[in-house]
Protein chains: 2
Amino acid sequence: MADQHLISVDALMSRVTSIFERAGLAPETARGVAHVIVAGERDNCKSHGIYRIEGCLRVIAAGKVDVNAAPKVQDRGLAVIEVDAGSGFSNPAYFAARDLLVERARKFGLAALVIRDCLHFSALWHEVEDLAGAGLAALSMCPSYAFVAPAGGREPILGTNPIAFGWPRPGPNPYVFDFATSVAARGEIELHRRAGTPIPEGWAVDATGAPTTDPEAALAGAMLPFGAHKGSAISTMVELLAGAMLGEFMSKEALEFMGGGSLLPRHGALILALDPQSFAARSGRDPIAEGEKLLTGISEQGARLPSERRFAARARALSEGILLTETELAQLDRFAALGLDAVRD
Amino acid sequence: MADQHLISVDALMSRVTSIFERAGLAPETARGVAHVIVAGERDNCKSHGIYRIEGCLRVIAAGKVDVNAAPKVQDRGLAVIEVDAGSGFSNPAYFAARDLLVERARKFGLAALVIRDCLHFSALWHEVEDLAGAGLAALSMCPSYAFVAPAGGREPILGTNPIAFGWPRPGPNPYVFDFATSVAARGEIELHRRAGTPIPEGWAVDATGAPTTDPEAALAGAMLPFGAHKGSAISTMVELLAGAMLGEFMSKEALEFMGGGSLLPRHGALILALDPQSFAARSGRDPIAEGEKLLTGISEQGARLPSERRFAARARALSEGILLTETELAQLDRFAALGLDAVRD
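Just so we're clear, the structure is a prediction, and the values are computed from it rather than from any experiment.

A. Summary view of the overall build of chain A. Along its length, chain A carries 13 helices and 12 strands. Radius of gyration (C-alpha) of chain A: 20 Å, near the 20 Å computed for a compact globule of 345 residues. Judged by the C-alpha coordinates and their principal axes, chain A covers about 60 × 50 × 45 Å. Looking at the 345 residues of chain A, the share that counts as buried comes to 59%. Expressed as a percentage of contacts within chain A between residues at least 6 apart in sequence, the contacts between residues at least 24 apart total 67%. Total accessible area on chain A is roughly 13,000 Å²; 51% of this is exposed by carbon and sulfur atoms. Taken together, the 33 basic and 41 acidic charged side chains of chain A have centroids lying 3 Å from each other.

This is how it looks when you write it as structure tokens:
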């Protein structure tokens, strides 16, 4: 298209990093945040790409994130490692503890990483994909903001609570899924509201708990979990394991703490890493080769594996560059020039 | 009802144990198997109660389970413990390794139990509930028989792959869910076939991959995962973690090994145990009290927590006894009198 321009992954990384440095983040922190945003854009995962920059700048401008936070890794030599994000973004905290998590999973067979007190905006696939790249199976989850009612209920008490899983495969791309445990994203309901179109049945209930297709009523009511009572149970598990168990905020307290859902949520996150080579050792089988029997069996019958579209977009971006619109490029220029003033009223 | 009789939990335990002893199991093995069957009946979980005795006897009569198997615990001092069921039933293997799993989860913060080479027939809630009773959060999963197609596919390659989760609560009953990752159980489709009634839309596809409400076509085709691509992804994760990762059968190989789905499947199982007190220690919060905020918030808005009906049935059974029909009691008598001859053609 005429108004689209190609930019290399490296060039975008450099531009986004400098935006965050201009906004007051230390260089390493800025790189950590920029890294996951550029990865999202590279994978044509637009909801977690450069679209997220504004939200990050707004929470910085509101003084709700510590721009000077340096992640502190806490290690008692056990299978559980903790990293305190110190009210900073989650990504630098993950990067600070990642190598230790890998080492510990290999040593004990499995290990867990607790991220405490972080601002969270990124997709979880980044972390599980990174760990799969180190040969580990990984499961990641976190609460969010309480916008979702349990199945059979009407009051929002659950978050959209994403859950992501990664499994190593031969070749460059692991098996990765990452999804919200709500039927839809809140942003999708917002888009219907702006367009004046009804939302599909099954997405939400109104404030009385009755099913609704009216986006206004849905936003004033509650979103619903995917998969009825089963998805609701999984979402509850995410609250318990990645909220209550860590002694960090669950989705309701996260919403109360921030005084509403307009800024990024602050809470913890849980990542489990398991070493297939350790688990399979006594069987004499190669767990990765075994996994391929299933995964190729899914692909060969024409069913799509999760993340396939993302990996295809990545291959294009790495060889040809990332396609951005003039509007997107102008916004990057504006953030770079104005810093936090770009998001202040 | 006139043809129903009350039997105490202890009396049923004694009758079921003696049926398995008569069928050739060692006393301790018989007790382990009987324990979970009686627990299912006690909780009015009829699909996993005394109904399962016949399936267990049939697999014994077919010589497909080692009645003399003694579970062997393998411990390398790590966070992963293994128990080899030696082609025996899964339940005695779990009981043999359970205390070590609890000890190791408390020591390291989390631990995993691998059950190898077991015949599997029981609901998973029994194990996660037992671990929740020891103050641990627990996640359990296993493959089954390949009767389920991935979302977007048509060939059965996934099992009904149950997943169960337990979380400790004050009082007698933990938070527990346990469900198949397929929309419905295969037995439900079989019931429709016998009754000549169509199955609901969304349960299955025929052999060409087209949606079907014909139970015959469904049984010849494939069942579907719950929650579309999200449930399909979770089912895939169960195959990878509880099959490939352990070097044990996935659902397709389990089906091939047994030469069809008429006998109980043989495969492995994975149980993760996490110690909330260890995870929460640095937060200064009580993870169990935090969890209660969520769980009471779900109950108080009128949404049902999973397992609530089971716990209510249990309370009735413990105070009044278990209600069995004359037909059920006659079947127990028959199994006790005839042993394996009762299930031989």
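B. Summary view of the interface of chain A and chain B. On the side of chain B, 74 residues touch chain A, which itself brings 74 residues to the contact. Surface buried jointly by chain A and chain B totals about 6,100 Å² across both partners, of which 70% is contributed by carbon and sulfur atoms. Across the chain A-chain B interface, the total number found is four salt bridges. Close ionic contact of A:E253 with B:R285 constitutes a salt bridge, the shortest N to O distance being 2.7 Å. For the pair chain A and chain B, the interface holds 20 residue pairs in polar contact (both at pLDDT 80 or more). When residues of the side of chain A that touches chain B are assigned to their parent elements, the largest contribution, nine residues, is made by helix 8 (residues 228–242) of chain A. Looking at the side of chain A that touches chain B residue by residue, the class counts come to 44 nonpolar, 15 polar and 15 charged.

C. Spotlight on the relation of the copies chain A and chain B. Rotating chain A by 180° and moving it 0.0 Å along the rotation axis overlays it on chain B with an RMSD of 0.0 Å. Both copies are brought into coincidence by an operation consistent with a two-fold rotation axis. The position closest to the rotation axis in chain A is occupied by the C-alpha of A:G227, lying 2.1 Å away. Both copies contact each other with a shared surface, as 100% of the interface residues of chain A are interface residues in chain B too.

D. Up close: the pattern of salt bridges. The full count for this structure, using the stated rule, is 50 salt bridges over all chains. It is possible to trace a salt-bridge network through shared partners that takes in A:R42, A:D43, A:E129, A:R310 and A:R314.

E. How the structure looks around the environment of A:K46. If you trace the backbone, A:K46 turns up in the loop between helix 2 (27–42) and helix 3 (51–61). Leave out the neighbours within four places in its chain, and A:K46 touches A:E41, A:Y51, A:L324 and A:E328.

F. Summary view of the sheet that holds strand 10 (residues 222–223) of chain B. Residue and element names in this part refer to chain B. If you walk across this open sheet you meet the three strands as 9-8-10, and the pairing is antiparallel. For this open sheet the edge positions go to strand 9 (211–212) and strand 10, each flanked by a neighbour on one side alone. For strand 8 (residues 204–205) and strand 9, the ladder comprises two bridges, and the chain directions are antiparallel. Directly across from V205, in strand 9, lies its bridge partner P211.

G. Examining the packing of helix 1 (residues 9–22) of chain B against helix 2 (residues 27–42) of chain B more closely. Residues and elements named next belong to chain B. Where helix 1 contacts helix 2, the axes come no closer than 8 Å and their chain directions differ by 135°. Here helix 1 lies oblique to helix 2, going by the angle between them. Crossing of helix 1 over helix 2 shows right-handed handedness. Residues V9, L12, M13, V16, T17, F20 and E21 of helix 1 lie in contact with helix 2, whose contacting residues are P27, A30, R31, V33, A34, H35, I37, V38, E41 and R42. Of the residues belonging to the contact of helix 1 with helix 2, the class tally is 11 nonpolar, two polar and four charged.

H. Layout of the sheet that holds strand 8 (residues 204–205) of chain A. Strand order in this open sheet of three strands is 9-8-10 (chain A), and the pairing throughout is antiparallel. Only two strands of the sheet have a single neighbouring strand rather than two, namely strand 9 (211–212) and strand 10 (222–223) of chain A.

I. How the structure looks around unusual backbone geometry. Residue and element names in this part refer to chain A. One non-glycine residue, N161, lies in the positive phi region at around 30°. Here N161 shows up in the loop between strand 5 (137–141) and strand 6 (163–167). Residue N161 is classed as buried on the basis of its relative accessible area of 0%.

J. Representation of the pairing of strand 6 of chain A in the model. All names here are of chain A. With respect to burial, strand 6 is a largely interior element, five of its five residues being buried. Of the two faces of strand 6, the one carrying I163, F165 and W167 and the one carrying A164 and G166 are both buried. In terms of strand pairing, strand 5 meets strand 6 through four bridges, oriented antiparallel. When the sheet's bridge partners are listed, L139 is paired in strand 6 with F165.

K. Representation of the side chain of A:T29. Among the secondary structure elements, A:T29 is positioned in helix 2. Residue contacts for A:T29: discarding those within four places in its chain leaves A:A69 and A:P92.

Conventions and cut-offs
- Residues numbered from 1 in each chain as written.
- Chains lettered and ligands numbered in written order.
- Predicted model: local features only at pLDDT ≥ 70, side-chain atom pairs only at ≥ 80, totals over all residues.
- Heavy atoms only, no water.
- Helix = DSSP H or I, 4+ residues; strand = E, 2+ residues; numbered from the N terminus.
- Rg over C-alpha atoms; globule rule 2.2 N^0.38 Å.
- Buried < 20%, exposed > 50% of the residue type's maximum accessible area, 1.4 Å probe, protein only.
- Contact = heavy atoms within 4.5 Å.
- Areas by Shrake-Rupley, 256 points an atom, 1.4 Å probe, with all protein chains shown as cover.
- Lys, Arg positive; Asp, Glu negative; His and termini not counted.
- Charge placed at Lys NZ, Arg CZ, Asp CG, Glu CD.
- Buried area = accessible area lost by both parts, 1.4 Å probe.
- Salt bridge = Lys/Arg side-chain N within 4 Å of Asp/Glu carboxyl O.
- Polar contact = N/O pair within 3.5 Å; in protein donor to acceptor, adjacent residues only side chain to side chain.
- Nonpolar A, V, L, I, M, F, W, Y, C, P; charged D, E, K, R; others polar.
- Least-squares fit on C-alpha atoms with pLDDT ≥ 70 in both.
- Pairing = 2+ DSSP bridges.
- Axes fitted to C-alpha atoms, helices over the stretch in contact; angles between N-to-C directions.
- Parallel < 35°, antiparallel > 145°, perpendicular 65-115°, else oblique.
- Left-handed = near helix turned anticlockwise from the far one by under 90°.

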